[in-house]
Amino acid sequence: TGAIGPFMQNARFGADLHNGGQQYMNGYIDEVRITRGVARYTAPFDPPGIFPDSGPSSNSGIDTQLSDVSLLLHMNANNGSTTFTDSGSQSFVITPNGNVQHSTNQIKFGLSSAYFDGAGSYLSVAESDKFDFGAGVSFTAEGFFNPENLSGSATLFSTRNQPINTLFEVIRMGSYLQLLVGNS
């Protein structure tokens, strides 16, 4: 029991915080949306199409919870670009690390996806309580992930509060996803 968070440490996509980034992702990520304060799916569902930032979307309609979206990454840029834009309510600065870049090789939606080479590439987001999924806080974390291979393990999303070591992580273990939430 007790609260999970606050996660006042940088969040990372494609790398693990508590192992010093030792589980780097090799593959593609597209359309990431983290919504705090809303459980978007409470019954069986079909995955949505593109997550809209405002107004109508040909696949998803209007996002009536847009003000609750902490982070929204469409991953739409020209091939090779290293600029990543948050279209969510916080407009976080997204920092590319290593060789992470937009790629047109594998696209789920839009112009591109983010490509992680598995050798030290990741995206980081500055610390924020918007990633605090504490006791009683509903949230939804969603996105599309396409690994280059299924051997070993790789971190898709990670955040941790130091020195308390509370965490929220999504890790690919072979062909399975593992969700780690809580204290360790």
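Relevant structure appears above.
## Some points on the overall build of the protein
So, point 1. Counting its secondary structure elements, the protein contains zero helices and eleven strands.
So, point 2. In the protein, the succession of helices and strands from N to C terminus is β-β-β-β-β-β-β-β-β-β-β.
So, point 3. Per-residue burial over the protein gives 45% buried out of 184 residues.
So, point 4. For the protein, long-range pairs separated by at least 24 residues make up 61% of all intrachain contacts whose partners lie at least 6 apart in sequence.
So, point 5. On the protein, roughly 8800 Å² of surface is accessible, and the fraction owed to carbon and sulfur atoms is 47%.

## Quick notes on the pairing of strand β3 (residues 69-73)
So, point 1. Of all five residues in β3, five are buried; the element is thus mostly enclosed.
So, point 2. The pairing of strand β2 (residues 26-36) with β3 spans four bridges and is antiparallel. Looking at β3, one finds that R33 is bridged to L72.

## Remarks on the nonpolar core
So, point 1. Ranked by internal contacts, the top residues of the largest apolar core, which has 23 residues, are F13, L71, M75, I94, F116 and L123.
So, point 2. Going through the elements one at a time, β1 (11-13), β2, β3, β6 (113-117), β7 (122-125), β9 (153-161) and β10 (166-173) are the ones with two or more residues in this core.
So, point 3. Ignoring sequence-local partners within four residues, the contact set of L123 consists of A11, R12, F13, M75, F84, I94, T95, P96, N97, V100 and F116.
So, point 4. In terms of nonpolar packing, the next biggest core, distinct from the first, is built from five residues, V69, L72, F109 and F144 among them.

## So, the side chain of N97
So, point 1. Assignment of secondary structure puts N97 in strand β4 (residues 94-97).
So, point 2. A distance of 3.3 Å separates polar atoms of two side chains, one belonging to N97 and the other to S124.
So, point 3. Dropping the residues within four chain positions of it, N97 is found in contact with G120, S121, Y122, L123 and S124.

## So, the pattern of salt bridges
So, point 1. By the definition in use, this model includes two salt bridges.
So, point 2. Close ionic contact of E142 with R33 constitutes a salt bridge, the shortest N to O distance being 2.7 Å. Of this pair, E142 sits in strand β8 (residues 139-147) while R33 sits in strand β2; the two residues are 109 residues apart in sequence, bridging distant segments of the chain.
So, point 3. Here E142 and R40 are joined by a salt bridge, their closest N and O atoms 3.8 Å apart. Of this pair, E142 sits in strand β8 while R40 sits in the loop between β2 and β3, placing them 102 residues apart in sequence. Side by side, E142 and R40 carry an identical accessibility label, which is buried.
So, point 4. Beyond isolated ion pairs, a larger network of salt bridges with shared partners links R33, R40 and E142.

## Here we look at the environment of N105
So, point 1. Turning to its location among the elements, N105 is positioned in the loop between β5 (101-103) and β6.
So, point 2. According to the relative accessible area criterion, N105 is exposed, its value standing at 59%.
So, point 3. Separated by ten residues in the primary sequence, N105 and Y115 place their C-alpha atoms 8.9 Å from one another.

Conventions we followed
- Residues numbered from 1 in each chain as written.
- Predicted model: local features only at pLDDT ≥ 70, side-chain atom pairs only at ≥ 80, totals over all residues.
- Heavy atoms only, no water.
- Helix = DSSP H or I, 4+ residues; strand = E, 2+ residues; numbered from the N terminus.
- Buried < 20%, exposed > 50% of the residue type's maximum accessible area, 1.4 Å probe, protein only.
- Contact = heavy atoms within 4.5 Å.
- Areas by Shrake-Rupley, 256 points an atom, 1.4 Å probe, with all protein chains shown as cover.
- Pairing = 2+ DSSP bridges.
- Core = buried A, V, L, I, M, F, W, Y, C linked by side-chain atoms within 4.5 Å.
- Polar contact = N/O pair within 3.5 Å; in protein donor to acceptor, adjacent residues only side chain to side chain.
- Salt bridge = Lys/Arg side-chain N within 4 Å of Asp/Glu carboxyl O.

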